[in-house]
Every structure is written in structure tokens, then in C-alpha cells.
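In case you want the letters, here they are:
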Amino acid sequence: MSESVVLDPVDLHLLRLLQNDARATYRDLAAQVGVAPSTCLDRVTRLRRAGVILGHQLRLDPAKLGRGLEALLSVQVRPHRRELVGPFVERIRALPESRTVFHLTGPDDYLVHVAVADMADLQRLVIDEFTSRREVARVETRLIFQQWECGPLLPPAPRTTGAETG
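Draft legend 1. Examining the overall build of the chain more closely. If you tally the helices and strands in the chain, you get six helices and four strands. Ordered by position in the sequence, the α and β elements of the chain form the string α-α-α-β-α-β-β-α-β-α. Over its C-alpha atoms the chain spans a radius of gyration of 21 Å, topping by over 25% the 15 Å that the globule rule assigns to 166 residues. Expressed as lengths along the three principal axes of its C-alpha atoms, the size of the chain is roughly 55 × 45 × 35 Å. Within the chain, the proportion of its 166 residues that are buried is 28%. A sequence separation of at least 24 residues applies to 65% of the contacts in the chain between residues at least 6 apart. Per element, the accessible surface of the chain, about 11900 Å² overall, is 54% carbon and sulfur.

Draft legend 2. Spatial organisation of the environment of C40. Turning to its location among the elements, C40 is positioned in helix α3 (residues 37-49). Overall, the relative accessible area of 0% leaves C40 in the buried class. As a C-alpha pair, C40 and H80 span 40 residues in sequence and 47 Å in three-dimensional space. Leaving out residues up to four positions away in the same chain, C40 has contacts with L14, Y26, L29, A30 and V35.

Draft legend 3. Structural context of the packing of helix α2 (residues 26-33) against α3. α3 packs onto α2 with a crossing angle of 100° between their chain directions and a minimal axis gap of 8 Å. By the angle class used here, α2 and α3 are roughly perpendicular. The residues of α3 that touch α2, namely those facing Y26, R27, L29 and A30, are P37, C40, L41, V44 and R48. Grouping the constituent residues of the contact of α2 with α3 by class yields seven nonpolar, no polar and two charged.

Draft legend 4. Summary view of helix α5 (residues 119-131). Of the residues making up α5, those classed as buried are D121, L122, L125, V126, E129 and F130. Projected onto a plane normal to the axis of α5, the buried residues spread over an arc of 135° and lie on a single side. Residues A120 and Q123 are exposed on α5 and point more than 90 degrees away from its buried face. Each element contacted by the buried residues of α5 is listed here: β1 (69-77), α4 (82-94), β3 (110-116) and β4 (136-144). The backbone nitrogen of A120 lies 3.2 Å from a side-chain oxygen of the residue at the head of α5, namely D118.

Draft legend 5. Inspection of the packing of aromatic side chains at higher detail. Summed over the entire model, instances satisfying the criterion amount to two aromatic pairs. For the ring pair F88 and Y110, a centre distance of 5.3 Å and an interplane angle of 50° mean the geometry is tilted. Remark: Y110 occurs in strand β3 and F88 occurs in helix α4; sequence separation between them is 22 residues. The buried category is assigned to Y110, whose relative accessible area is 2%. With centroids separated by 6.5 Å and ring planes inclined at 75°, the aromatic side chains of F88 and F130 adopt a geometry described as edge-to-face.

Cut-offs applied
Residues numbered from 1 in each chain as written. Predicted model: local features only at pLDDT ≥ 70, side-chain atom pairs only at ≥ 80, totals over all residues. Heavy atoms only, no water. Helix = DSSP H or I, 4+ residues; strand = E, 2+ residues; numbered from the N terminus. Rg over C-alpha atoms; globule rule 2.2 N^0.38 Å. Buried < 20%, exposed > 50% of the residue type's maximum accessible area, 1.4 Å probe, protein only. Contact = heavy atoms within 4.5 Å. Areas by Shrake-Rupley, 256 points an atom, 1.4 Å probe, with all protein chains shown as cover. Axes fitted to C-alpha atoms, helices over the stretch in contact; angles between N-to-C directions. Parallel < 35°, antiparallel > 145°, perpendicular 65-115°, else oblique. Nonpolar A, V, L, I, M, F, W, Y, C, P; charged D, E, K, R; others polar. Arc of directions from axis to C-beta. Polar contact = N/O pair within 3.5 Å; in protein donor to acceptor, adjacent residues only side chain to side chain. Phe/Tyr/Trp six-rings, centres within 6.5 Å; stacked < 30°, edge-to-face > 60°.

Below, the structure is given as C-alpha cells:
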């Protein structure tokens, strides 16, 4: 597990702003945070080097790309051995329908977020790409009706003990 990075209020403000608009200019960010543009650039560069900022992504609307049906596939792999799960994960990640793959604890080994054209496409994907694989013991499908983005990801607030509130 990687170590956390110490962030001051300016860093946190920059991260909040960048998560809301990754295309913001350093000049605009600096004005909103109250620092010089060169200071803003230095801080963002430091956050990238420290691995806090992992990159920038372009978000697309799956429905506008002809993939209006999204689902979560719970997948159980048996036997759950490294020589089987490595190729399984790489194959699933390579599918154009796959959005995200999670390795889980509990009765299911993987949760795969997929985006497909329609119900027939989902059925084809499950049968041809999942249940046809020898190592896949079970697939359970859940349709996604709606999803919401949540607020920016920031470090947890410091914990206080009862003695401090005294």
C-alpha cells in the first residue's frame, strides 16, 4: 500500500478545483486559490510527482456512443488461482464493453461494469465472453438504472478524541 502524502489547505483546494475541472488553467487556479501562477504550477507538478494526481481523463456519454445499457456483472472464478485470474482479468479489460473491473472479497471474485448497446448485446457479452470461459463458475447481472458522480476525493478529516472536545 502506498504512503499518504501530507497536503496543506492550498493543495486540497487545488485538488478540489481540478477534480471539478481538469482543464482549468494555472492562471485561473492560482486566482481561485490565492497564489501566484508559478506557485500553482509548482504545487500541481509536486502533486503529480508524488502520485496524488494520476492523470486526466475525458469522460464520454456511453448512450451517445450507442452503448445506452450499462450493467454490473458479478463474476465468480473457480479455481481462484493466479495463473487463471491474470489472463481472465486481461481478457475482460480488453473487451470494448468493459468500463471498470474490481477484484473483490466475498462470494464474488470480480465486479465488472459494462456498457452495451441493448439487452441482446448484454446477453451476447455474458454468454460469449464470460460464461463460455472455463474458469468462470457464475455470472450475476445487475442493470444500472441511473448513476451519479460524487464530490471530489479528499483525504479524511483528522480524527478528534472525546478528551479534546472536553
